[in-house]
Amino acid sequence: MAPLAPRSGDAIFASVERVNAELFTLTYGAIVRQLLTDLEEVEEVNKQLDQMGYNIGIRLVDEFLAKSNVSRCTDFKETAEVIAKVGFKMFLGVTASVSNWDADGTCCSIILEDNPLVDFVELPDTCQGLYYCNVLSGVIRGALEMVSMKTEVTWVRDMLRGDDAFELQVKLLKQVPEEYPYKDDE
Amino acid sequence: MQFFGGSEISPSPPAPTASGNNAHMIYVFNRNGVCLLYREWNRPLHTLNQQQDHKLMFGLLFSLKSLTAKMDPTSAEKGNLGVPQLPGQGCSFHSFRTNTYKLSFMESPSGIKIILVTHPRTGDLRESLKYIYNLYVEYVVKNPIYTPGTPIRCELFNTTLDQYARSIA
């Protein structure tokens, strides 16, 4: 039997179980608010959101691979396209776009026009410096680490800080191929 | 010459075995060689202790992958034998058959390896392995109690897997 072809983001998004968008947004908002109350420092909250995203990402990647049937991407350009077109569509229902490639193809920007996490959200003055959607950068970093890519993901533009879109910069640091894990001590 | 089994499309009905199971055993490894799951349904002969058995299986697959990629006549660029490859890259073998069993293998790009050992007349199990990978995602990955990278201790996953293994032709 021939292997299944990769499915498009729309097709998968239509077939998975979905949750009410407002519930999702409000739940995420509650998490961020609680973190702010517990940790008080905005930098700490940013780090914690990134860590949470990382823990989500390492699990999410298997679900992504199982549902979407994508095979191994040949290069980082393809990886970024797959994340933007299939990944974001499948999990958040929004399509992102990829741009700003650098000369050697290791650094790009993923741009989100629409972000369900930030509906109804406005940052107060006490929370300047907060990356509200930092969980997304953790998710991407975690997921890519499970497919042998060490990356650094940072926010370039953030609509909650007055910019016109959400822009994530994803920089590939290195590919880490798997090594034989057992020492030769047999 | 005797012909066993049906066509490629519809697998032959399961041949009756002593235990009623067609699958002998299943291994699931992660990218670091940790054996996440080992279940056996029909394995009369045990030669090694568990630890050694897992190491042997993992080592076998690691070497086979390396070897099959190196021997690939269609690929232009080949790494040297023994150079670590990214999971899923290059050509990947999916099964081998001996006169007493068939071993089917699937590796996801995230390094999760699923190995199913069945009786030798089994057809192509790639779809079954994909299904098992989906089961793994649903019952294990999405389980908040489970810590990734540790052996799986989810009863629900084990039961569902047992049921599914019984139905594999």
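Okay, so let's go over this structure. This structure is a prediction, so every number in the text was calculated from the model and none was measured.

## Notes on the overall build of chain A
Along the backbone of chain A there are five helices and four strands. When its helices and strands are written in sequence order, chain A yields α-α-α-α-β-β-α-β-β. Its C-alpha atoms give chain A a radius of gyration of 18 Å, within 12% of the compact-globule value 16 Å for 186 residues. Once the C-alpha set of chain A is aligned to its principal axes, its extents read approximately 55 × 45 × 35 Å. Relative to its full complement of 186 residues, chain A shows a buried share of 48%. For chain A, the proportion of contacts with a sequence separation of at least 24, taken over those separated by at least 6, is 60%. Total accessible area on chain A is roughly 9800 Å²; 53% of this is exposed by carbon and sulfur atoms. A gap of 3 Å separates the mean positions of the 17 positive and 32 negative side-chain charges of chain A.

## Things to note about a negative patch on the surface
Residues and elements named next belong to chain A. On the surface, Glu22, Glu113, Asp114 and Asp119 cluster together to form a negatively charged patch. Checked against the element boundaries, Glu22 lands in helix H2 (residues 21-39). Its relative accessible area of 47% is what places Glu22 among the partly exposed residues.

## Quick word on the packing of aromatic side chains
Any aromatic ring pair is given by two values, namely how distant the centres are and how the planes are angled relative to each other. Under the counting rule described, the total for this entry stands at eleven aromatic pairs over all chains. Note on Phe76 of chain A and Trp101 of chain A: the rings are 5.9 Å apart at their centroids and 90° apart in plane angle, and the pair reads as edge-to-face. Pair noted here: Phe76 of chain A is in helix H4 (residues 76-92) and Trp101 of chain A is in the loop between strand S1 (97-99) and strand S2 (107-112), with a separation of 25 residues, a long-range link. Plain terms: the ring middles of Tyr27 of chain B and Phe29 of chain B are 6.0 Å apart, the flat faces sit at 10° to each other, and that makes the pair stacked.

## Considerations on the environment of Ser148 of chain A
Of note, Ser148 of chain A is situated in the loop between helix H5 (134-146) and strand S3 (149-157). Between the C-alpha atom of Ser148 of chain A and that of Leu65 of chain A, which follows or precedes it by 83 residues, the distance is 14 Å.

## Focus: the environment of Thr95 of chain A
Residues and elements named next belong to chain A. On the secondary structure map, Thr95 appears in the loop between H4 and S1. Sequence separation between Thr95 and Gly9 is 86 residues, and the spatial gap between their C-alpha atoms is 8.6 Å. In contact with Thr95, not counting residues within four places along its chain, are Ala84, Lys85 and Lys89.

## Focus: the nonpolar core
In terms of nonpolar packing, the biggest core is built from 81 residues, with Phe88 of chain A together with Tyr136 of chain B touching the most fellow members. Residues contacting Phe88 of chain A, with those up to four places away along its chain left out, are Ile83, Gly93, Val94, Ala96, Ile110, Leu112, Leu136 and Ile140 of chain A.

## Side note on the packing of helix H2 (residues 126-141) of chain B against helix H3 (residues 155-167) of chain B
Residues and elements named next belong to chain B. Relative to each other, H2 and H3 sit at 160°, their axes nearing to 10 Å. The angle between H2 and H3 places the two elements in the roughly antiparallel class. As H2 packs across H3, the resulting crossing turns out to be right-handed. Contact residues: Ser128, Tyr131, Ile132, Leu135, Tyr136, Tyr139 and Val140 in H2; Leu156, Phe157, Thr160, Leu161 and Tyr164 in H3.

## Observations regarding the pattern of salt bridges
A side chain with one charge can pair with a side chain of the opposite charge if their charged atoms come near. All names here are of chain A. Taken as a whole and judged by the stated rule, the model has 16 salt bridges over all chains. One salt bridge connects Glu167 with Arg157, and the closest N-O pair in it is separated by 2.6 Å. Of this pair, Glu167 sits in strand S4 (residues 166-175) while Arg157 sits in strand S3; the two residues are ten residues apart in sequence, bridging distant segments of the chain. By relative accessible area, Glu167 is classed as buried at 6%.

## Describing the pairing of strand S5 (residues 113-118) of chain B
The side chains of a regular strand alternate between the sheet's two faces. Residue and element names in this part refer to chain B. The buried fraction of S5 is high, at six of six residues. Here strand S1 (residues 23-29) pairs with S5 via six bridges, running antiparallel. Counterpart to Phe29 in the pairing with S5 is Lys113. As paired strands, strand S4 (residues 102-107) and S5 are joined by six bridges and run antiparallel to one another. Paired with Ser104 across the strands is Leu116, a residue of S5. Linkage of S4 to S5, two consecutive antiparallel strands, is achieved through a turn of five residues, within which Gly111 is found at a positive phi near 90°.

About the thresholds
Residues numbered from 1 in each chain as written. Chains lettered and ligands numbered in written order. Predicted model: local features only at pLDDT ≥ 70, side-chain atom pairs only at ≥ 80, totals over all residues. Heavy atoms only, no water. Helix = DSSP H or I, 4+ residues; strand = E, 2+ residues; numbered from the N terminus. Rg over C-alpha atoms; globule rule 2.2 N^0.38 Å. Buried < 20%, exposed > 50% of the residue type's maximum accessible area, 1.4 Å probe, protein only. Contact = heavy atoms within 4.5 Å. Areas by Shrake-Rupley, 256 points an atom, 1.4 Å probe, with all protein chains shown as cover. Lys, Arg positive; Asp, Glu negative; His and termini not counted. Charge placed at Lys NZ, Arg CZ, Asp CG, Glu CD. Patch = residues over 30% accessible without salt bridge, like charges linked within 9 Å, V, L, I, M, F, W, Y side chains within 5 Å. Salt bridge = Lys/Arg side-chain N within 4 Å of Asp/Glu carboxyl O. Phe/Tyr/Trp six-rings, centres within 6.5 Å; stacked < 30°, edge-to-face > 60°. Core = buried A, V, L, I, M, F, W, Y, C linked by side-chain atoms within 4.5 Å. Axes fitted to C-alpha atoms, helices over the stretch in contact; angles between N-to-C directions. Parallel < 35°, antiparallel > 145°, perpendicular 65-115°, else oblique. Left-handed = near helix turned anticlockwise from the far one by under 90°. Pairing = 2+ DSSP bridges.

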